[in-house]
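# Reading the structure
Below are the chains, spelled out letter by letter.
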Amino acid sequence: MSTLTTIALGRDTKVFAIKETVLGVLEIPGNTNLILVTGGEIDVPNPAYEEDKSLRANRSTYGRFQGNTPPTPWKLSHYLRPSGTAGTAPEASDVLECVKGKKTIVGGTSVAYDPLAAKPSFSLYVKKGHTVFAAAGCAGNKISLKKDNKGILEANEDGQAMKSIWTGTGALGEAIVTTPAPGTEEWFTVDDNKRFCTGSHVLIDTEQMQVTGTFWEGTAGGSAGKIKLKRGYNSSAVAAHLNAAAITPWLPAGTELGAPLSSRVGTLTIDAVELPFTDFEFTDEDASKMLEEEVTQSTTPTDFIEGEIKSSGKVDIFFRKAQLLWFADAVKQVRKAVVINYGSIAGKKISITLPSCEFDVPKVAGDKELVKLSIPWRAYAVAGYDESQIKFL
């Protein structure tokens, strides 16, 4: 590949996620908020448009009007990585908390994630080569785990965010000679102001700055080709900068945490009796809804509401004689507790607990040698917000 190319490379992806202090306000990530992903996307949405329906004496169309911007879809895929120390949060802890609802830490013992009435939000940053996409007010809709006896235990989450921005790579179009107090906002010319958005976090030499306005967005006080910068952002030192100095998106270096678990070593118990299995699926979803129908001063959603919790999945087993009971238990709606465990060393274990499950009638499948049962299940609450739990031990 030519060294002169500016094409973003898919392998040059870096993801950070951090729980928000204020709903919908981008939080600055730290090194420990890094997530090593197998896939990560922020899908910048297309604004809603309405065609101009004005009547004219010809058959031509003359344009359209821009309406509100819908929520931003996001999705992540990553290995589940316990920290290596019991009672210390794993990688992607803030995502797990915001998708599930609640995090409970028992020092030296465990970190558990459970459903809760109200879920927190998080900020998500996805670096794609030369550009960082960021989403604020991220709400989780679903987490799913699907694993056989091969490979690594992997999680997939998705949801929607209130708004998204992008931060590209560029250069100053003039020298910065001022060194004002941190927090001072000033307008400067850049090579292409459309590479930045209000809220972008950039680095020029060693000074971090926040973009607080751009000419292309119509920020008051701007002029052609300029962006407004808040100096000395995130406690960095204010400095002078030469004309043509590089402007890059800022993200922390990131600290890799823990190691993934092999899905080959695991146990499944149903009512405390171990059951050999070949495949296991688990999905937790509540379809949180962004309130995009509300009319506010913002063109993007400003709040969301949690939906009904649904925990479900299936387990595949070989069809032994004793397993015929699953047909009767499904018909009679017999509830059972399901627990799946991965890992065997403290600080490197994961347990998924579903205290009260009902099962569907199994589906019989297989080849000419071995017959399998595929048994769908649905987890229900006992006291409320206890349908499922993901615990790192």
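## Topic: the overall build of the protein chain
Of regular secondary structure, the protein chain possesses 2 helices and 29 strands. Expressed along its principal axes, the backbone C-alpha trace of the protein chain runs to roughly 80 × 65 × 45 Å. Residues classed as buried in the protein chain amount to 44% of the 393 residues present. For the protein chain, the proportion of contacts with a sequence separation of at least 24, taken over those separated by at least 6, is 68%. Per element, the accessible surface of the protein chain, about 19,500 Å² overall, is 53% carbon and sulfur. Taken as two groups, the 42 positive and 46 negative side-chain charges of the protein chain have centres that lie 5 Å from each other.

## A few points about the sheet that holds strand 15 (residues 201-204)
In space, the 6 strands of this open sheet follow the order 13-18-15-16-17-14, with antiparallel pairing throughout. Each edge of the open sheet is held by one strand with a lone partner, namely strand 13 (170-171) and strand 14 (185-189). Alignment of strand 16 (residues 207-214) against strand 17 (residues 226-230), held across 4 bridges, turns out to be antiparallel. Its bridge partner lying in strand 17, Thr214 is registered against Ile227.

## Focus on the environment of Pro252
Turning to its location among the elements, Pro252 is positioned in the loop between strand 18 (246-249) and strand 19 (266-270). According to the relative accessible area criterion, Pro252 is buried, its value standing at 8%. Pro252 sits 64 residues away from Phe188 along the chain, and the two C-alpha atoms are 24 Å apart. Residue contacts for Pro252: discarding those within four places in its chain leaves Lys14, Phe16, Pro29, Gly30 and Asn31.

## Details of helix 1 (residues 93-100)
For an α-helix the count is 3.6 residues per turn, leaving residues at separations of three or four pointing the same way. With 8 of 8 residues buried, helix 1 lies mostly within the body of the structure. For helix 1, every residue scored as buried is listed here: Ser93, Asp94, Val95, Leu96, Glu97, Cys98, Val99 and Lys100. Phi turns positive one or two residues past the end of helix 1, at Gly101, with a value near 135°.

## Notes on the side chain of Ser200
In this structure, Ser200 sits in the loop between strand 14 and strand 15. Judged by its relative accessible area of 0%, Ser200 is buried. For Ser200, the residues in contact, after removing those within four places along its chain, are Ile165, Trp166, Thr167, Met209, Gln210 and Val211.

## Comments concerning a nonpolar patch on the surface
Taken together, the side chains of Phe319, Leu324, Val364 and Val371 make up a nonpolar region of the molecular surface, amounting to roughly 330 Å² of accessible area. A relative accessible area of 36% means that Val371 is categorised as partly exposed.

## So, the pairing of strand 1 (residues 13-19)
Of the pairings in the sheet, the one linking strand 1 to strand 9 (residues 122-128) comprises 7 bridges and is antiparallel in character. Residue pairing across strands places Ala17 opposite Leu124, the latter belonging to strand 9. As paired elements, strand 1 and strand 2 (residues 34-35) share 2 bridges and run antiparallel to each other. Paired with Phe16 across the strands is Leu34, a residue of strand 2.

## A word on the nonpolar core
With 48 residues, the main nonpolar core has Leu124 and Phe280 as its most contacted residues. It is strand 26 (residues 350-359) that provides the largest number of residues to this core, a total of 5 residues. Once residues lying within four places of it in the same chain are set aside, the contact partners of Leu124 are Val15, Phe16, Ala17, Ile42, Trp74, Leu76, Phe133, Ala134, Ala135 and Cys138. Among the nonpolar cores identified, the runner-up in size contains 13 residues, and Ile176, Phe188, Ile204 and Ile227 belong to it.

## Observations concerning the pattern of salt bridges
This model, assessed by the stated rule, comprises 19 salt bridges. Notably, a salt bridge pairs Lys100 with Asp284, separated by 2.3 Å at the nearest N-O pair. Residue Lys100 is located in helix 1, and its partner Asp284 is located in strand 21 (residues 279-285); the two are separated by 184 residues in the primary sequence. Accessibility expressed as a relative area gives 5% for Lys100, which makes it buried. Using a relative accessible area of 6% as the deciding quantity, one classes Asp284 as buried. Residues Glu185 and Lys228 are paired through a salt bridge, measuring 3.5 Å at the closest nitrogen-oxygen approach. Separated by 43 residues along the polypeptide, Glu185 in strand 14 and Lys228 in strand 17 bring together distant segments of the chain.

Scoring rules and cut-offs
- Residues numbered from 1 in each chain as written.
- Predicted model: local features only at pLDDT ≥ 70, side-chain atom pairs only at ≥ 80, totals over all residues.
- Heavy atoms only, no water.
- Helix = DSSP H or I, 4+ residues; strand = E, 2+ residues; numbered from the N terminus.
- Buried < 20%, exposed > 50% of the residue type's maximum accessible area, 1.4 Å probe, protein only.
- Contact = heavy atoms within 4.5 Å.
- Areas by Shrake-Rupley, 256 points an atom, 1.4 Å probe, with all protein chains shown as cover.
- Lys, Arg positive; Asp, Glu negative; His and termini not counted.
- Charge placed at Lys NZ, Arg CZ, Asp CG, Glu CD.
- Pairing = 2+ DSSP bridges.
- Patch = residues over 30% accessible without salt bridge, like charges linked within 9 Å, V, L, I, M, F, W, Y side chains within 5 Å.
- Salt bridge = Lys/Arg side-chain N within 4 Å of Asp/Glu carboxyl O.
- Core = buried A, V, L, I, M, F, W, Y, C linked by side-chain atoms within 4.5 Å.

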